[in-house]
Amino acid sequence: MKTNVMLELVWKDVQLQRWTIILTIVAGAAALAVLLIGGQTPVVIGTVFFFVSLVFCACLLPLQNIVNERKKQTLPFIMSLPVSSAQYGAVKLVSSVGMFLLLWLALLGAALYMILNRHVLPHGAIPTGLIIMNFPLIGFCLITGTALVAESEGWGTAAMAVVNSSYWLVWYLLVSHIPSLTQTWASPVAVWTPAVFKILGVEFGVVVLILALTLYLQSRKRSFI
Amino acid sequence: MTDYAIELEGVCKSYPFFELQNIALQLQRGTIMGLIGPNGAGKSTTIRILMGLVHQDRGEVRVLGHRMPQEQIAAKWDIGFASEDMRLYDVMTMGWHIHFMKSMYQSWDDAYAQLLLKRFGLNAEQKIKGLSHGQRVKATLLLVFARRPKLLVLDEPTTGLDPVARHEILRELTAVMVEDGRSVLFSSHNTQDVEQISDQITFIDRGRILDSMDKEAYLDRWRRLRLEVPDGVVLPPLPGIIGVRQSGRLAVATANAFMPHLPSEYENSGVRVHAVENMTLEEIFVANVERSREEVNA
């Protein structure tokens, strides 16, 4: 019986990127710990650093897991194994998205624990916080897809620049069109309005669309190395 | 089962500034073929096509009986591929790489891997980033050889190596061939390496196969004739002579289809034959490329 090469390759990526994931989780958890100090300044600093740790990993992970494979010329080694270019693309998506989701869920869980049990922020921050936490997830998928399909460090860096400068713009557009997002922030209970569900649905749809498009474009490649 | 490990028929691939034209190539099972060509000749593109990494625009490619690129996954289980631009993970150890390959290939020969570690002077605990270029090449080849593949495809594996490391690798490559049925395609622009280990030679230049045949037959066919042309005598155009360089009374004729009666034909026309010399593979290669380029330019 032949080994599942794709699973071995996913595991190989996890082994190579484990420190990036661990350090991001530690940085995110440390940022949340700052919230325990209480007061407006620690809350602002903790929240910003929590978001920054996610944004940082959203850039670093595709760079190390995908761009570096080509840049450091380990791609020919991997492609000498029994995998096709479409399978390689699928492996990279599964390993990258899987690792990012793992740390994203870990940090989401930690943030929810801090809000629900340690009361570092009002419960009303949960819906809006979830919407904001999806920004780096979408940004990560966009950078990952671009790095994989474009096969170039330049395009990967361009995607990072566009994504990172878009976070505040998207947030500004959202709150200017849906003022309730910020109005319910200080509420003692989480307010799940139809607008919140609609935004979360669109965010989920964008993630699925980016990943599906990446897989489709990868499978159509005729020259891979 | 086909007798050929590699079969390429009418393979074409176009890039904006390079074209692989109508490549036809056959590598019989159990033989070593040296693919020789200058930089940019199309060696790597040909190899990438037969590995399924680049899809041909036209033509048929079969490797170990599998159609490429459609059946590349099945074919790659039995192909050991190493190229000059291939690198291992520099933050990981040699032992990690061995474990990684071992977890995938049931054909992995651990005893042979350990033997090669010793023979190549490698340490399983050492990280790849601490290895010299020669050691990195040996490490890559160890991972290829210990899989015991039916076909080895090596794209310029000896480039940039010192003579000792090159010798070690060529010796190991020859040892690997002792096993029955193993085939090797070995590309290089170093004709000495190819001459040392190959059974078959294929010349490629500017995206075209110039010639492909048995090495001994090749070396036997090519000769250089050192001639003296007395005043009033004109060098006759003889069949098999592909080029003549004349300087005053002295001339050098190159034959690519040497026949024993060629010298006497020159003598009969009044030309003195001072020497008939064998040519090295490098000289044959250069003559072949120059002739091909002259024909294209003409």
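**Description of the overall build of chain B**
In step 1: A count of helices and strands for chain B gives ten helices and 14 strands.
In step 2: The burial tally for chain B puts 39% of its 298 residues in the buried class.
In step 3: Across chain B, contacts joining residues at least 24 apart in sequence account for 70% of those joining residues at least 6 apart.

**Examining the interface of chain A and chain B**
In step 1: Facing the 21 residues of chain A at the interface are 18 residues of chain B.
In step 2: Sorting the residues of the side of chain A that touches chain B by element identifies helix H1 (5-35) and helix H3 (75-79) of chain A as the ones contributing at least two each.
In step 3: With four residues, H1 of chain A is the single largest residue contributor to the side of chain A that touches chain B.
In step 4: Grouping the amino acids of the side of chain A that touches chain B by side-chain chemistry returns ten nonpolar, six polar and five charged.

**Some points on the sheet that holds strand S6 (residues 79-83) of chain B**
All names here are of chain B.
In step 1: A sheet is described by the order of its strands in space; here six strands give the open sequence S6-S7-S8-S3-S9-S10, paired in mixed fashion. Across the chains shown, the open sheet's two edge strands, defined by having one partner strand only, are S6 and strand S10 (208-214). With direction set aside, neighbouring strand axes in the sheet form an average angle of 10°.
In step 2: As defined by bridge partners, strand S3 (residues 32-36) adjoins strand S8 (residues 183-188) across five bridges and the pair is classed as parallel. Bridge pairing links Leu 35 to Ser 187 in S8.
In step 3: Taken strand by strand, helix H5 (residues 133-145) contacts S6 and strand S7 (151-155), and its axis lies near 170° from that of S6.

**With respect to the pairing of strand S9 (residues 200-205) of chain B**
Residue and element names in this part refer to chain B.
In step 1: With respect to burial, S9 is a largely interior element, six of its six residues being buried.
In step 2: By the alternation rule, side chains of S9 split into Gln 200, Thr 202 and Ile 204 and Ile 201, Phe 203 and Asp 205, which are all buried.
In step 3: With four bridges connecting them, S3 and S9 associate as parallel partners. Looking at the pairing, Leu 35 lines up with Thr 202 of S9.
In step 4: The hairpin turn running from S9 into S10, its antiparallel successor, is two residues long, and Arg 206 in that turn takes a positive phi close to 50°.

**Details of the environment of Lys 76 of chain B**
In step 1: Take Lys 76 of chain B: it is sitting in helix H2 (residues 72-76).
In step 2: On a C-alpha basis, the gap between Lys 76 of chain B and Met 51 of chain B in space is 7.6 Å, while along the polypeptide they are 25 residues apart.
In step 3: Those residues within four positions of Lys 76 of chain B in sequence are excluded, and the remaining contacts are Leu 81 and Pro 82 of chain A.

**Here we look at the pairing of S6 of chain B**
Residues and elements named next belong to chain B.
In step 1: For S6, a buried count of five out of five residues is recorded, marking the element as mostly surrounded by other parts of the structure.
In step 2: Neither face of S6 is exposed, since Ile 79, Phe 81 and Ser 83 on one face and Gly 80 and Ala 82 on the opposite face are all buried.
In step 3: By the bridge criterion, five bridges tie S6 to S7 in an arrangement that is parallel. Residue Ser 83 lies in a different strand from S7, and its bridge partner there is Asp 155.

**A closer look at unusual backbone geometry**
Residue and element names in this part refer to chain B.
In step 1: A cis amide bond links Met 68 to the next residue, Pro 69, at an omega of 5°.
In step 2: In this structure, Arg 148 is a non-glycine residue whose phi angle is positive, near 55°.
In step 3: If you trace the backbone, Arg 148 turns up in the loop between H5 and S7.
In step 4: One non-glycine residue, Arg 206, adopts positive backbone phi at about 50°.
In step 5: Within the secondary structure layout, Arg 206 lies in the loop between S9 and S10.

**Some details on H5 of chain B**
Residue and element names in this part refer to chain B.
In step 1: Taking 1.5 Å as the rise per residue, H5 with 13 residues should run 18 Å; its terminal C-alpha atoms sit 18 Å apart, in good agreement.
In step 2: Residues Val 137, Lys 138, Ala 139, Thr 140, Leu 141, Leu 142, Leu 143, Val 144 and Phe 145 constitute the buried set of H5.
In step 3: Those residues of H5 that are buried are in contact with S6, helix H3 (94-102), helix H4 (110-119), S7 and helix H6 (163-176).

**Structural notes on the environment of Trp 155 of chain A**
Residue and element names in this part refer to chain A.
In step 1: Here Trp 155 is to be found in helix H6 (residues 153-177).
In step 2: On the basis of neighbour count, Trp 155 is assigned to the partly exposed category, with 15 C-beta atoms found within 10 Å.
In step 3: With near-sequence residues (within four places) excluded, Trp 155 lies in contact with Thr 146 and Ala 150.

**Re the domain arrangement of chain B**
In step 1: The assigned domain composition of chain B is domain 1 (4-214) and domain 2 (223-278).
In step 2: Taking only C-alpha atoms, the centre of domain 1 of chain B and the centre of domain 2 of chain B are 41 Å apart.

**Remarks on the nonpolar core**
In step 1: The biggest cluster of nonpolar side chains holds 85 residues, and the ones touching the most others in it are Ile 6, Leu 50, Val 63, Leu 142, Val 153, Leu 185 and Phe 186 of chain B.
In step 2: If you tally residues by element for this core, the top one is H5 of chain B, at seven residues.
In step 3: Of the residues that make up this core, three or more belong to each of domain 1 (4-214) and domain 2 (223-278) of chain B.
In step 4: With 33 residues, the next largest nonpolar core counts Leu 54, Cys 59, Ile 115 and Met 160 of chain A among its residues.

**Focus: the packing of helix H2 (residues 40-71) of chain A against helix H5 (residues 125-150) of chain A**
Residue and element names in this part refer to chain A.
In step 1: As a packed pair, H2 and H5 sit with axes 9 Å apart at the nearest point and diverge in direction by 15°. Taken together, the axes of H2 and H5 are roughly parallel relative to one another. The element H2 and its partner H5 pack so that their crossing is right-handed. Listed contacts from H5 to Phe 51, Leu 54, Val 55, Ala 58, Cys 59, Leu 61, Pro 62, Ile 66 and Val 67 of H2 are Ile 132, Met 133, Pro 136, Gly 139, Phe 140, Ile 143, Thr 144, Ala 147 and Leu 148.
In step 2: Split by residue class, the contact of H2 with H5 holds 16 nonpolar, two polar and no charged.

**Some words on the sheet that holds strand S12 (residues 241-247) of chain B**
All names here are of chain B.
In step 1: Judged by pairing direction, the sheet is antiparallel, and its four strands sit side by side in the order S12-S13-S11-S14 without closing on themselves. Edge strands, defined here as strands with exactly one partner in the open sheet, are S12 and strand S14 (272-278). Neighbour to neighbour, the strand axes of the sheet diverge by 20° on average, direction disregarded.
In step 2: Pairing of strand S11 (residues 223-228) with strand S13 (residues 250-255) involves six bridges; the strand directions are antiparallel.

Calculation rules
Residues numbered from 1 in each chain as written. Chains lettered and ligands numbered in written order. Predicted model: local features only at pLDDT ≥ 70, side-chain atom pairs only at ≥ 80, totals over all residues. Helix = DSSP H or I, 4+ residues; strand = E, 2+ residues; numbered from the N terminus. Buried ≥ 20, exposed ≤ 12 C-beta atoms within 10 Å, placed from the backbone. Contact = placed C-beta atoms within 7 Å. Nonpolar A, V, L, I, M, F, W, Y, C, P; charged D, E, K, R; others polar. Pairing = 2+ DSSP bridges. Axes fitted to C-alpha atoms, helices over the stretch in contact; angles between N-to-C directions. Expected span 1.5 Å × (residues − 1). Domains from an automatic or database assignment. Core = buried A, V, L, I, M, F, W, Y, C linked by C-beta atoms within 7 Å. Parallel < 35°, antiparallel > 145°, perpendicular 65-115°, else oblique. Left-handed = near helix turned anticlockwise from the far one by under 90°.

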